[in-house]
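# A look at the structure
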Amino acid sequence: MRVLARLIGSLVAFALGGASVCAYGGYTGGEVRVVVYTAMEGDMSDAEGPGAVVAAELAAADARGRVGSVPVKVAGKDHGGDAVRARRGVDQLLADGADLVVGLAGRDVAEAVQTAVAGKAVTVATGAVTDRLTGAGCTPTAFHWVPDLYVLTQVTRAELRNQRGSRTIFIFGAGRREAIRNTYEHGMMQSGQDVTGQVFVTDIRALGLYAGSGMRLISPFYWKSTPRTRQWAKRFYARHGAMPTYDQAAVYSAVKHYLEAAAAVGSDRPAEVATAMRRAPVDDMYAPDGTLRADGQLVQDLQLMEVKRPGESEGAWDYFRRVRTLDGKAVYQPLAESSCAGAD
């Protein structure tokens, strides 16, 4: 497959080009530095923000705080939700020794940072849904750990058409809470109009179940789904005081996978670690039996969820019910249709 061949070729080029950085092998700076680059204020701060730093710290703790003989350091940095500000901050992140930059809440931020960091560190976007990250803007050292717009729009709408036969209103992004509130206040769902999109448990916590009742959404993770998710959510809640969103769970998964790959290759060279990440299966509470494609997209089974009615909730944070599981191999855009590295 051409996309795979080109990416592998680029990875080799990056590895050779960066050989002088770590001429003696091992880890630059005597540590592995994980930077959670995210929005610390606004709607997206609830979905990712400080909670994403907690998630990264839990992943580091599960690695016993070390990769091989070197310590893992986790830092949170605020990009303010602004792509220009985020891009300006990249040089400092790299100067400070960032090995993994994760989070990147917001489409414009994620695209700008991924491009700027390419080949100098590994990036993992968990807070953006733009399909350019694994399409025209893909790089050999970049990954996307959440469903993109193709999945959220095409698949969700198809599910609603199949089961209800109606038109849908799709909501996502930083203004999603206001949009959800408006659809509720205008009685759109009560009149039979389907409302769907990117919805987090923190949104329903802020708005209340009445505002979101009946909404259907696709989610890669819900804290209450399995014993494994509940156990991890309990740890997260003890540190953060809120149940995790899927963006925050994705940060844990991405950091854990990165650290395992770095340990396997005994290096923090971006190209080598990225290659090891693609080769290894992803298996944790967020993405059991997940796989990483050549374009950097994490493929995993997803859940079609529905927001509960107030009388159905069993208590705080019990907001979603599972309608059915969606086979990840069937719902992501086919790799052959990707624009990554000139793929047909």
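Definitions and limits used
Residues numbered from 1 in each chain as written. Predicted model: local features only at pLDDT ≥ 70, side-chain atom pairs only at ≥ 80, totals over all residues. Heavy atoms only, no water. Buried < 20%, exposed > 50% of the residue type's maximum accessible area, 1.4 Å probe, protein only. Helix = DSSP H or I, 4+ residues; strand = E, 2+ residues; numbered from the N terminus. Pairing = 2+ DSSP bridges. Contact = heavy atoms within 4.5 Å. Axes fitted to C-alpha atoms, helices over the stretch in contact; angles between N-to-C directions. Parallel < 35°, antiparallel > 145°, perpendicular 65-115°, else oblique. Left-handed = near helix turned anticlockwise from the far one by under 90°. Nonpolar A, V, L, I, M, F, W, Y, C, P; charged D, E, K, R; others polar. Core = buried A, V, L, I, M, F, W, Y, C linked by side-chain atoms within 4.5 Å. Polar contact = N/O pair within 3.5 Å; in protein donor to acceptor, adjacent residues only side chain to side chain.

### Side note on the pairing of strand β1 (residues 32-38)
Across the 7 residues that make up β1, a large majority, 7, are buried. Pairing of β1 with strand β3 (residues 70-78), which is carried by 7 bridges, proceeds in the parallel orientation. By the bridge assignment for β3, Val 32 is matched with Val 72. Across 4 bridges, the pairing between β1 and strand β4 (residues 100-103) is parallel. The residue bridging Val 35 from the neighbouring strand is Val 101, located in β4.

### Focus: unusual backbone geometry
At Leu 104, a position not held by glycine, the phi torsion is positive, near 65°. Positionally, Leu 104 belongs in the loop between β4 and α5 (107-117). Here the phi dihedral of Trp 317 falls at roughly 75°; this positive angle occurs in a residue that is not glycine. Following the sequence through the fold, Trp 317 ends up in the loop between β12 (302-307) and β13 (320-326).

### Description of the sheet that holds β3
The strand order across the open sheet built from 6 strands is β2-β3-β1-β4-β5-β6, with neighbouring strands paired in mixed fashion. Of all strands in the sheet, those with a lone pairing partner are β2 (66-67) and β6 (142-144), marking the two edges. Across the sheet, helix α3 (residues 49-62) touches β1 and β3, and the angle it forms with β3 is around 175°. Taken strand by strand, helix α4 (residues 83-95) contacts β1, β3 and β4, and its axis lies near 170° from that of β1.

### Quick look at the packing of α3 against helix α10 (residues 227-240)
Contact pair α3 / α10: the axes reach a minimum separation of 10 Å and the direction vectors enclose 120°. Looking at the two axes, α3 sits oblique to α10. Considering how the two elements wind past one another, α3 and α10 form a crossing that is right-handed. Where α3 abuts α10, its residues Pro 50, Gly 51, Val 54, Ala 55, Glu 57, Leu 58 and Asp 62 lie against Trp 232, Arg 235, Phe 236, Arg 239 and His 240. Here the residues of the contact of α3 with α10 sort into 6 nonpolar, 2 polar and 4 charged.

### Some remarks on the environment of Ala 206
Positionally, Ala 206 belongs in helix α8 (residues 201-207). For the pair formed by Ala 206 and Asp 43, sequence separation is 163 residues and the distance between their alpha carbons is 9.8 Å.

### Some thoughts on the pairing of β12
For a regular strand, the rule is simple: side chains alternate between the two faces of the sheet. Counting buried positions along β12 gives 6 out of 6 residues, so the element sits mostly inside the fold. Sheet topology places strand β9 (residues 216-219) next to β12; 4 bridges connect them, and they run antiparallel. Of the residues in β12, the one forming a bridge with Ser 219 is Gln 303. Summarising the sheet, β12 and β13 pair through 6 bridges and their orientation is antiparallel. Paired with Gln 303 across the two strands is Thr 325, which belongs to β13.

### Observations concerning the nonpolar core
Across soluble globular proteins, you tend to see nonpolar side chains buried next to one another. By size, the foremost hydrophobic cluster in this structure holds 71 residues, and its most contacted members are Trp 145, Met 277, Tyr 286 and Phe 320. In terms of nonpolar packing, the next biggest core, distinct from the first, is built from 17 residues, Val 90, Val 101, Leu 104 and Ala 128 among them.

### Here's the deal with the environment of Ala 63
Position of Ala 63 among the secondary structure elements: in the loop between α3 and β2. Note on Ala 63: relative accessible area 26%, which makes it partly exposed.

### A few points about the side chain of Thr 245
By the element assignment, Thr 245 lies in the loop between α10 and α11 (246-265). Separated by 2.4 Å, the side chain of Thr 245 and the backbone oxygen of Ala 47 make a polar contact. Leaving out residues up to four positions away in the same chain, Thr 245 has contacts with Asp 46, Ala 47, Phe 200, Val 201, Thr 202 and Phe 221.

### Focus on the environment of Ser 213
Among the structural elements, Ser 213 can be located in the loop between α9 (209-212) and β9. In sequence terms Ser 213 and Tyr 184 are 29 residues apart; their C-alpha atoms lie 9.0 Å from each other. Within polar-contact distance, the side chain of Ser 213 engages the backbone oxygen of Leu 209 at 2.5 Å. At 3.4 Å, the side chain of Ser 213 and the backbone oxygen of Lys 308 are in polar contact.

Purely spatial values, then, with no claim about function.
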